[in-house]
Amino acid sequence: MILIGVDPHKSSHTAVAVDVAGHQVAQRRFVVNAGAFRQLMRWCEQWPDRRFAIEGAGGLGRSLAQQLAAADENVVDVPSTLSARARLLATGGDRKTDAKDALHVAQVALFRHDLRPVVQEDQTTILRLLTERRDDLVHERIRVLNRLHAVLRDLLPGGAPPVCRPTRLPP
């Protein structure tokens, strides 16, 4: 069994593979782009018996964790507090790096059996996210238009015409 710990970031994901004793077997950094998931899976093909541990699978690692869950991979969420604690307990005063963080994520998942498994999100979750995004965009548009109207009202003699003046959200 190989456990692959991933330290996700906005622009890159660092993955470290460890064996059952917690020793590092391999390490790789993936630039986040359209082909990153395929590259990660190609790299992991050498270990058919594998499990993934993603730090913050509900945050920055959410996209990767959901892609892995959709591909029927075994994925667990490692809270950042646990990986930070493992980093503090590790020997050596070296600098904090993404590779070391990924190693600590894998080691935490190797020895903790109470971590939350990542399950594929259903359509209602995706629709909720889209709805929240739309609401945010509508709020922002209304805020900008109200601000623009206030500035025009101050600049133009007699005030601004009520061309685009939404002051409340549509129902």
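Heads up: the structure comes first, above all this text.
Predicted, not measured: the structure shown is a model, and the values here were computed from it. (Residues numbered from 1 in each chain as written. Predicted model: local features only at pLDDT ≥ 70, side-chain atom pairs only at ≥ 80, totals over all residues. Heavy atoms only, no water.)

> What's the story with the pairing of strand S2 (residues 12-18) in this structure? I'm lost.
The two faces of a sheet get side chains in turn, since along a regular strand they alternate between them. When you tally the buried positions in S2, you get seven out of seven residues, the bulk of the element. Neither face of S2 is open: one carries Ser12, Thr14, Val16 and Val18, the other His13, Ala15 and Ala17, and all of them are buried. Counting the residues between successive antiparallel strands, the hairpin from strand S1 (residues 2-8) to S2 contains three residues. Sheet topology note: the S2/strand S3 (residues 24-31) ladder contains seven bridges and is antiparallel. Bridge pairing in S3 places serine 12 opposite valine 31. Here S2 folds back onto S3, and the loop between the two strands holds five residues, one of which, glycine 22, carries a positive phi near 90 degrees. (Buried < 20%, exposed > 50% of the residue type's maximum accessible area, 1.4 Å probe, protein only. Helix = DSSP H or I, 4+ residues; strand = E, 2+ residues; numbered from the N terminus. Pairing = 2+ DSSP bridges.)

> Got a minute to help me understand the pairing of strand S4 (residues 50-55) in this structure?
The buried count for S4 comes to six of six residues, which makes it a mostly enclosed element. In this sheet, S4 lies alongside S1 in parallel orientation, the contact comprising five bridges. Following the sheet pairing, leucine 3 is matched in S4 by arginine 51. Across four bridges, S4 lies against strand S5 (residues 75-78) in parallel orientation. From the neighbouring strand, phenylalanine 52 faces S5, where its bridge partner is valine 75.

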